[in-house]
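# Observations on the three-dimensional arrangement
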Amino acid sequence: MALRNRIFSTDHRTIARQYFFLSLIAVIFGVVLSILMRFHLVYPAAQVKWFEWLWPVKASGGVMTPELYLSLMTLHGTIMVFFVLTLAPLNAFGNLVLPQQLGATQMAFPRLNMLSFWTTVVSFLLLIASFTCQDGGPLSGWTAYPPLSALGAIAGPGQGLGQTLWFFSIGVFCIAATLTSINFIATVIELRDPAMRMMQMPLPCWNWFVTAILSLLSFPVLLAAGILILLDRLAGTGFFLPSGGGSPLLWQHLFWFFGHPEVYIAILPGMGIVSHIVSVFSRRPIFGYRAMVYSTIAIAVLGLLVWGHHMFISGLSPYSAIAFSVLTMAIGAPSAVKTLNWIATLWGSRPELNTAMLFCLGFVSIFVTGGLSGLFLGQPQIDAYFHDTYFVVAHFHMIMGIAALFGIFAATFYWFPLMFGRKLNERLGKLHFYLTFILAYGTFVPMHFAGFAGNPRRYADFTTFEFLAPVLPLQKGITHSAFTLAAVQVIFLANLFWSMRRGEVIVWTGDTETWQRSHTPTR
Amino acid sequence: MATLTHPDSLKSDGAPPPFFPEPPTGGGGDDSDRNRPERGNSRSAAFIGIVVMMCASVMTFSALLSAMVVRRGLNGTDWHHLTLPSILWWNTGILILSSVAIDVARRLLRRGRRQEFNYWWTAGTLMGTWFLIGQIVAWKQLAEHGFTLIGNQHSAFFYVLTWAHAAHVVGALVGVFYVEYRALRFRLGPAGRTWVDVSALFWHFLDVLWLFLMAIFVFWA
């Protein structure tokens with residue numbers, strides 16, 4: 001009975017920990033995939049014994065086939081976007097902290113909360129199952145553009161059952177995400193302390209609230225698109241197939257109407273967390289609270305209107321491209337407001353530079369670096385050159401991957417006592433931060449230069465192109481940096497599992513909102 | 001200090017801020033929620049939840065409808081006009097009547113007339129089920145006339161939209177039948193009455209959604 005209560009728990013903190021560990025498993029899986037990809041990119045002919053042991057057909061002789069590379073890429077993208085960047089900042093830390101910061105004891109619908117978690121687990125298992133299919137895992141990328149993804153097995157290896165399972169996984173995830181957003185929105189509106197007005201909510205709550213609204217508006221659209229494409233695949237309709245009178249571009253519109261808000265679903269909670277931690281450890285209230293709230297809302301509203309900037313080279317009308325471009329540039333304004341406010345909060349303060357705070361500063365730095373390359377990509381003319389190059393890979397890994405991950409790290413270090421009643425080790429944490437910070441820049445900044453040189457992305461092997469010969473040493477450097485970056489994360493894992501059992505039993509002071517109300521965390 | 005400190009905690013009179021909102025009153029004549037005040041199943045939370053749920057449904061249907069708009073604008077060669085089977089009009093009428101019955105029942109319950117509530121709610125439930133069966137008959141009739149999922153884009157969208165609506169109806173019927181189950185045993189306490197109101201609201205939403213879909217099929221597509 002006790003075990004059942006622990007597994008099928010309706011308690012928001014237990015569910016938060018479940019989400020946390022689910023995304024921890026997912027991120028380990030995703031990182032391993034990316035390591036394999038980076039290895040294959042620079043040593044495509046290397047014969048590795050255990051590749052053959054893992055994939056007897058897809059890597060016979062120990063050499064990865066291009067299809068295997070593409071399915072690794074698809075799984076890496078899908079796992080990271082859905083199961084790490086969506087789950088960890090919103091579902092894990094949102095569930096953990098939101099009720100407590102609002103002065104509630106529970107989420108609005110605890111059983112629905114449990115249902116969303118287990119639906120997410122089903123989605124994750126479906127995704128893993130898709131990878132182990134006989135004819136190869138899905139290889140359409142996380143965007144799964146038709147027509148190839150809509151045709152079925154006839155389109156080539158990996159487009160059969162693997163791709164179908166992938167779509168089912170994403171459909172199930174959409175349902176889970178919608179249920180979660182319903183819960184978050186109802187919690188913020190209904191279970192807020194009666195004495196707390198909306199404009200008095202802590203900033204993380206605001207950001208989770210806005211993120212939940214974005215989820216609510218975007219995931220159902222992806223679900224609709226997924227139903228249509230599954231009908232194309234399984235029932236023979238032609239919604240996205242030119243041969244059936246349909247249009248592949250229609251998928252891109254529906255997908256990116258979800259896909260772009262998804263970027264903000266990943267990053268907005270991180271912004272809220274950073275605002276909170278920066279203000280706590282600068283020992284002063286955040287500068288420009290109202291501006292922070294309004295800029296969050298502005299980013300969300302604009303984020304819903306700019307999906308077309310992913311389609312500049314898809315044959316979009318130049319007129320609509322201009323509209324999308326201008327709106328995209330406009331996101332720079334609220335983003336700048338946020339950056340300014342973080343710096344203004346820090347300005348002249350005597351910040352306590354612990355690991356959580358360091359990760360926040362790292363977040364601001366990487367957010368700016370990654371955001372600036374977005375200004376290039378937001379212009380149709382420049383995007384025409386950059387779109388299929390490593391410049392885009394560098395951009396979204398910086399802004400969506402590493403920046404959001406730094407937000408997750410900051411939250412982990414800050415709210416770890418709330419999860420396990422103990423603190424993470426500071427010394428190991430700082431070591432982990434500095435190495436991660438340097439190596440993250442070392443991995444992703446050189447990718448911009450590869451993009452300048454026209455290095456195409458999503459290619460399994462570019463060592464044979466003569467014009468890319470000068471880029472190859474750079475790519476090798478990126479691979480080595482990425483390997484070290486991944487290895488450094490072992491410090492974090494060791495810290496996590498060690499501190500869970502043996503960490504210092506202490507909580508922060510200074511942030512009364514969360515801690516005064518917190519109950520003794522259950523272990 | 002607006003962001004970090006609770007306004008009440010700044011008060012110097014020493015009164016601690018209310019840590020938790022008033023526990024939702026789920027009990028009083030109701031067997032399920034009496035001793036669990038912190039489940040969060042308060043009445044207004046349920047209403048907010050269902051309204052937010054409706055927003056999600058609206059987004060799904062907007063996506064499907066906008067796909068239909070785009071698809072129709074692409075080329076006209078394989079967009080054959082669909083002749084709607086006449087049973088759809090009967091279904092529409094029945095759905096409206098079921099909505100009326102359910103709302104009459106809801107109002108009767110508010111005045112404490114439980115016996116009459118049971119009659120009207122049962123009528124609404126049966127008509128809702130009848131609507132679902134009618135939809136299946138309509139799909140059968142369309143298929144017999146050659147309007148299948150594949151081949152004709154108009155009928156493909158018709159099927160997808162009506163299936164999506166039917167899936168919602170099935171979900172709503174679960175709620176409606178749950179109320180029916182409780183009502184027939186006269187076990188509708190205050191928490192059960194939240195079920196009544198919430199499922200009635202969702203049922204009306206599906207009614208309006210169906211009228212909108214019918215208007216699109218009849219006047220536009």
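Here is what the cut-offs are and how they apply
Residues numbered from 1 in each chain as written. Chains lettered and ligands numbered in written order. Predicted model: local features only at pLDDT ≥ 70, side-chain atom pairs only at ≥ 80, totals over all residues. Heavy atoms only, no water. Helix = DSSP H or I, 4+ residues; strand = E, 2+ residues; numbered from the N terminus. Rg over C-alpha atoms; globule rule 2.2 N^0.38 Å. Contact = heavy atoms within 4.5 Å. Lys, Arg positive; Asp, Glu negative; His and termini not counted. Charge placed at Lys NZ, Arg CZ, Asp CG, Glu CD. Buried < 20%, exposed > 50% of the residue type's maximum accessible area, 1.4 Å probe, protein only. Areas by Shrake-Rupley, 256 points an atom, 1.4 Å probe, with all protein chains shown as cover. Core = buried A, V, L, I, M, F, W, Y, C linked by side-chain atoms within 4.5 Å. Phe/Tyr/Trp six-rings, centres within 6.5 Å; stacked < 30°, edge-to-face > 60°. Salt bridge = Lys/Arg side-chain N within 4 Å of Asp/Glu carboxyl O. Expected span 1.5 Å × (residues − 1). Bend = angle between axes of the 7 residues up to and from the residue. Polar contact = N/O pair within 3.5 Å; in protein donor to acceptor, adjacent residues only side chain to side chain. pLDDT = per-residue confidence, 0-100. Axes fitted to C-alpha atoms, helices over the stretch in contact; angles between N-to-C directions. Left-handed = near helix turned anticlockwise from the far one by under 90°. Nonpolar A, V, L, I, M, F, W, Y, C, P; charged D, E, K, R; others polar. 1 Å grid on protein atoms, 1.4 Å probe; cavity = no way out; pocket = protein on both sides within 12 Å on 5 of 7 lines; lining within 4 Å. Points joined across faces, edges and corners; volume = space filled by probe spheres on them.

## Thoughts on the overall build of chain A
A count of helices and strands for chain A gives 18 helices and 0 strands. Over its C-alpha trace chain A gives a radius of gyration of 22 Å, about what one expects of a compact globule, namely 24 Å for 523 residues. Along the first, second and third principal axes, the C-alpha set of chain A runs to 60 × 55 × 45 Å. Contacts in chain A between residues at least 24 apart in sequence constitute 81% of all its contacts with a sequence separation of at least 6. One finds the centroid of the 27 positive side-chain charges in chain A at a distance of 11 Å from the centroid of its 17 negative side-chain charges.

## Topic: the overall build of chain B
Helices and strands together make up the secondary structure of chain B, namely 5 helices and 0 strands. When the helices and strands of chain B are read in sequence order from the N terminus, they spell out α-α-α-α-α. Within chain B, the proportion of its 221 residues that are buried is 50%. Considering only residue pairs separated by 6 or more positions, chain B has 77% of its internal contacts joining residues 24 or more positions apart. When the accessible surface of chain B is split by element, carbon and sulfur atoms take 67% of a total near 10700 Å².

## Quick word on the environment of Leu496(A)
Residue and element names in this part refer to chain A. By the element assignment, Leu496 lies in helix H17 (residues 472-502). Look at Leu496 and you get buried, because its relative accessible area is 0%. Counting along the chain gives 83 residues from Leu496 to Phe413, while the straight-line C-alpha distance between them is 9.3 Å. Leu496 has contacts with Phe20, Leu24, Thr412, Phe416 and Leu424, leaving out every residue within four places of it along the chain.

## A word on the nonpolar core
Grouped together as the largest cluster of nonpolar side chains are 233 residues, with contacts concentrated most on Phe82(A), Phe363(A) and Trp415(A). Here Phe82(A) is in contact with Leu87(A), Trp142(A), Ile170(A), Phe173(A), Phe219(A), Leu222(A) and Phe258(A), once residues within four sequence places are set aside.

## Re the packing of aromatic side chains
Residues and elements named next belong to chain A. According to the stated counting rule, one finds 67 aromatic pairs over all chains in the structure shown. Taking the centre distance of 5.1 Å and the plane angle of 85° together, the rings of Trp50 and Phe51 count as edge-to-face. Assessed through its relative accessible area of 46%, Trp50 is described here as partly exposed. Assessed through its relative accessible area of 3%, Phe51 is described here as buried. Consider the rings of Trp208 and Trp415, whose centres lie 6.0 Å apart with planes at 35°: the pair is tilted. With Trp208 in helix H8 (residues 203-234) and Trp415 in helix H15 (residues 390-420), this pair connects stretches of sequence that are 207 residues apart.

## Regarding the pattern of salt bridges
Where side chains of opposite charge bring their charged atoms close, a pairing between them can arise. Residue and element names in this part refer to chain B. Summed over all chains, the structure comprises 7 salt bridges over all chains. Note that Arg106 is salt-bridged to Asp103, the shortest N-O span being 3.1 Å. Placement of the pair is Arg106 and Asp103 together in helix H2 (residues 87-110), with a separation of 3 residues, close to one helical turn. Between Arg106 and Asp197 there is a salt bridge, and its shortest N-O distance comes to 4.0 Å. Here Asp197 lies in helix H5 (residues 190-220) and Arg106 lies in helix H2, a separation of 91 residues in the sequence. Neither residue differs from the other here; Arg106 and Asp197 are each classed as buried. Bridged by salt links that share partners, the residues Arg43, Asp103, Arg106, Arg107 and Asp197 form one connected network.

## A few points about helix H4 (residues 66-102) of chain A
Residue and element names in this part refer to chain A. A rise of 1.5 Å per residue sets the reference length of H4, with its 37 residues, at 54 Å; its end C-alpha atoms lie 50 Å apart and thus fit the reference within 8%. The largest bend in H4 is about 55°, located at Leu87, with the proline Pro89 one to four residues further on. Of all 37 residues in H4, 34 are buried, a share of seventy percent or more. Phi turns positive one or two residues past the end of H4, at Gly103, with a value near 85°.

## What about the side chain of Asn207(A)?
Residue and element names in this part refer to chain A. One can find Asn207 in helix H8. Overall, Asn207 belongs to the buried group, its relative accessible area being 2%. Reaching out from Asn207, the side chain makes a polar contact with the backbone oxygen of Leu268 at a distance of 2.7 Å. At 3.3 Å, the side chain of Asn207 and the side chain of Thr296 are in polar contact.

## Observations regarding the confidence of the model for chain B
Counting all residues, the mean pLDDT for chain B is 82, and 79% of those residues have values of 70 or more. Here H5(B) stands out as the element of chain B with the lowest mean pLDDT, 91, in contrast to H2(B), whose mean of 95 is the highest.

## A closer look at the packing of helix H12 (residues 332-346) of chain A against helix H13 (residues 355-377) of chain A
Residues and elements named next belong to chain A. It is at 11 Å that the axes of H12 and H13 come closest, and there the two elements cross at 145°. The two elements H12 and H13 cross, and the hand of that crossing is left-handed. Two secondary-structure elements touch here, H12 through Ser335, Thr339, Trp342 and Leu346 and H13 through Met357, Leu361, Phe363, Val364, Phe367 and Val368. Of the residues that constitute the contact of H12 with H13, the class distribution is 8 nonpolar, 2 polar and no charged.

## Quick word on empty space enclosed by the protein
Residues and elements named next belong to chain A. In total, this model carries 6 cavities of 30 Å³ or more according to the counting rule given. Its boundaries defined by the atoms lining it, the second largest cavity holds a volume of some 50 Å³. Surrounding the second largest cavity, Thr86, Leu87, Leu90, Asn91, Thr120, Phe173, Ala177, Thr180, Ser181, Ser215 and Phe219 form its lining. For the lining of the second largest cavity, the secondary structure elements donating two or more residues are H4, helix H7 (161-190) and H8.

## Notes on unusual backbone geometry
Residues and elements named next belong to chain A. Cis geometry is adopted by the peptide bond preceding Pro147, which originates at Pro146 and carries an omega value of 10°. Relative to the helices and strands, Pro147 resides in the loop between helix H5 (110-131) and helix H6 (148-151). Phi is positive for Arg283, close to 60°, though the residue is something other than glycine. Its identity as a non-glycine residue notwithstanding, Arg458 has a phi of 65°, on the positive side.

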